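Spelled out, the chains give:
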Amino acid sequence: MFPDGFVWGAATASFQVEGSTTADGRGRSIWDTFCARPGAVAGGDTGEPAADHYRRMSDDVRMMAELGLRAYRFSVAWPRVRAGGRVVNEAGLDFYDRLVDELLRHGIAPWPTLYHWDLPQELEDRGGWANRDTVHRFAEYADSVLGRLGDRVWNWTTFNEPWCAAFLGYAAGVHAPGRTEPRAAVAAGHHMLLAHGQGRAAIREHAPRAAAGITLNLFPVRANDPEDEADVEAARRVDALQNRFFLEPLLRGAYPPDLVADLEPFGLDEVVEDGDVARISAGTDLLGVNYYHDHNVSGRPDEGSGRPSPWVGAEHVSFPGRGLPRTDMGWEVVPEGLTELLVELHRRYPGLPLYVTENGAAYPDVVTDSGVDDVERTEFLESHLRAAHRALEQGVDLRGYFYWSLLDNFEWAEGYAKRFGLVHVDYGTQRRTPKRSAYRYARVISENVLR
Ligand code: BGC
C-alpha cells in the first residue's frame, strides 16, 4: 500500500510537448535556435509539431482524467509569458491560466515548473545564465506567472534539473545554448540556484500557503573499482558536480569545500557574491527528485573522451557499463538505485518532503491493431514503484511519484526518435494511444497499491 494522499502524477515540459512555437506572441527560445543549428538535434527535429499540446490541451487533460491521474507536472514557457525575456504577454499567460482551470475542473492538481530549459533567446544574446542579470529577469518572469496562477496552485517548483541546463548547455554544448565554456557553466549553475531563491520569494509573496521546491537530477554515484584511487577520486568529483553542487547550498547553506576547491580554476568563487548563499538556502519546502539510473564512475577516459565534457574539472571520467539491461537511451536499468537515493537523501536532509518528479524509460514502441504492448516500460514502471515503496518502508518521507512522461515528446538532442510516453503520439496525425504501461499505471493509482 502507498500512503493515503500519495500524489500520483505524470510530467511533461513546455518545449517538449507544446509545439505552436510562434503562436499568440510567443518569443524565441534558445531551443528554437539550437534546433536550427545543423547537426545539433537528431534528424534535424525541432519544437514543431511536438505533441501539439498547446492546441490539444483540453483533450489531453480529459485523457489524464480518464487515466485517473491525480496530478500533472508541466512547465511554463518563459518566452510565451515574457516575450524577449521582458515584455509581459497576456496571451501566453492565458494558456497556463486555462490549463490550470481545466486541471482543477477534472480534480487534477497542477504542479507547474517555472524553468524547464527554454530561456528567451534575447537573454542568451546578453550572456544567458552566465550573466547575473538573467537572475533579475527570472524574478520578473516568476512574478508574472505567480501573479496569474498563485491563487490556485499549491505546489510549485522553480527549476528543473539545473545541472543539465548549466553543464549540458554551457560546458558540453549538447543542449541549448550549445556553448562549450566551462566557466560559463559554473556561473550558470550558481545563477540558477540564485534564481531559485528569487522564484521562491515570488511564490511566498503571491501564494503564501503554497509549497515551493526545486527539482534536481540526482544519482547514486559509485566508484567502478572501490580499490582504485583514480575511480574513487573520479566518483567524488562527479558526486560533487552532479549532486552536492545543488543540494548543499540549497539545504545546508554552503557550497561543499571540496567542490569549491575543484572549481577554483573555473571561477565559482568569482561569481558567488556576499549574501547569495543565504538567498539560495532560505527555505525549500520540497525536493523533486528525477531518477533515471545511477552513475558507475571510472577515473580512466573512454573512447568518447576528447569531446567537450560536462564534467568540469573531471573531464576524463567515464561510466563503464555493468552488463545490465538498457533502455533505448542506452541507460542501464537500476531500480535499486532509486531506493538507495531516496534513503540517502532522507538521511542527509531529514525533515524534507521528497517527490519523485521524473522517472521513466524510452523504448522503441510499435502500434498495432491492439494498441501498444510496451512490456519493457511496464516492467520498468513496476520495478521502480517497488523501489520507491521500499524507501517508504525504510521511513523515507516520500509523498508522490510522477512518471516521465505523459506523452511521447521532443527528447531534446535525440529529437522525436526516443519515446518516453505512457501515451503514444503519432506525430503525423497527433493521434494519442495509451500504452499498456498507461493502463497498468492507472490501476496502481486507483488501487493505491502495486499488486
Ligand atoms: C528531463 C526531461 C527529459 C528526461 C529524459 C530529464 O532529464 O527533465 O526533460 O526528457 O530527463 O531524458
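The preceding data block contains the structure.
Quick look at the structure, then. Keep in mind that what you see is a predicted model, and the values were worked out from it rather than measured. Starting from 1, residues in each chain are numbered consecutively following that chain's sequence as written. Thresholds applied to this predicted model are a pLDDT of at least 70 for local features of residues and 80 or more for the giving and counting of side-chain atom pairs; totals over whole chains, interfaces and linings are not thresholded and use all residues. To get the side-chain values, all heavy atoms of the structure are used, and hydrogens and water are removed first.

## Let's talk about the nonpolar core
We apply this condition: As used here, the term nonpolar core means buried Ala, Val, Leu, Ile, Met, Phe, Trp, Tyr and Cys residues forming a set that is joined through side-chain atoms within 4.5 Å. For each residue, the accessible area found with a 1.4 Å probe, counting protein chains only, is set against the maximum for its type, and the residue is called buried under 20%, exposed over 50%, and partly exposed in between. Runs of H or I in DSSP of at least four residues are treated as helices and runs of E of at least two as strands, each being numbered from the N terminus. Residue contacts are defined here by distance: any two heavy atoms, one from each residue, within 4.5 Å place the two residues in contact.
Trp 31, Tyr 115, Trp 129, Phe 138, Trp 156, Phe 167 and Leu 287 are the most contacted members of the largest nonpolar core, which totals 135 residues. The biggest single contributor to this core is helix H9 (residues 182-206), with eleven residues. Once residues lying within four places of it in the same chain are set aside, the contact partners of Trp 156 are Pro 112, Leu 114, Val 145, Leu 146, Leu 149, Gly 150, Ile 203, Ala 207, Ala 210, Ala 211, Ala 212 and Gly 213. Grouped together as the second largest cluster of nonpolar side chains are 14 residues, Ala 11, Trp 111, Ala 362 and Phe 402 included.

## Here we look at the packing of helix H14 (residues 335-348) against helix H15 (residues 375-393)
Quick reminder of the rule: Between N-to-C directions, angles cover 0 to 180 degrees, with each direction set by a line fitted to C-alpha atoms, over the stretch in contact for helices. To sort the angles, those under 35 degrees are grouped as roughly parallel, those over 145 as roughly antiparallel, those from 65 to 115 as roughly perpendicular, and the leftovers as oblique. The crossing is said to be left-handed when, going from far helix to near helix, the turn is anticlockwise and less than a right angle, and right-handed when the turn is clockwise.
Between H14 and H15, the shortest axis-to-axis distance is 8 Å and the interhelical angle comes to 25°. The angle between H14 and H15 places the two elements in the roughly parallel class. Helix-helix and strand crossings are classified by hand; for H14 and H15 the assignment is right-handed. Note on element contacts: H15 touches H14 through Ser 383, His 384, Ala 387, Ala 388, Arg 390 and Ala 391, opposite Pro 335, Leu 338, Thr 339, Leu 342 and Val 343.

## A word on the pattern of salt bridges
To keep it simple, the criterion reads: Basic side-chain nitrogens of Lys or Arg form a salt bridge, by our definition, when they fall within 4 Å of a carboxyl oxygen of Asp or Glu.
For the structure on display, the rule yields 52 salt bridges. The partner of Arg 237 in a salt bridge is Glu 233, and the shortest N-O contact between them spans 3.0 Å. Of the two residues, Arg 237 and Glu 233 both sit in helix H10 (residues 229-252), four residues apart, roughly one turn of that helix. Close ionic contact of Asp 328 with Lys 418 constitutes a salt bridge, the shortest N to O distance being 3.9 Å. Residue Asp 328 is located in the loop between strand S10 (295-297) and H14, and its partner Lys 418 is located in the loop between strand S14 (398-404) and strand S15 (423-426); the two are separated by 90 residues in the primary sequence. Overall, the relative accessible area of 25% leaves Asp 328 in the partly exposed class.

## Looking at the packing of aromatic side chains
The condition is simple: Two aromatic rings, drawn from Phe, Tyr or Trp (for Trp, its six-membered ring), form a pair once their centres lie within 6.5 Å of each other, and the interplanar angle then sorts them: stacked below 30 degrees, edge-to-face above 60, tilted otherwise.
Under the defined criterion, the tally for this structure stands at 41 aromatic pairs. An angle of 75° between the planes, with centres 5.6 Å apart, marks the rings of Phe 245 and Tyr 255 as edge-to-face. With Phe 245 in helix H10 and Tyr 255 in the loop between H10 and helix H11 (257-262), this pair connects stretches of sequence that are ten residues apart. The exposure classification of Phe 245 matches that of Tyr 255, with both residues buried. A ring pair is formed by Tyr 401 and Tyr 441, whose centres lie 6.2 Å apart and whose planes are at 70°; its orientation type is edge-to-face.

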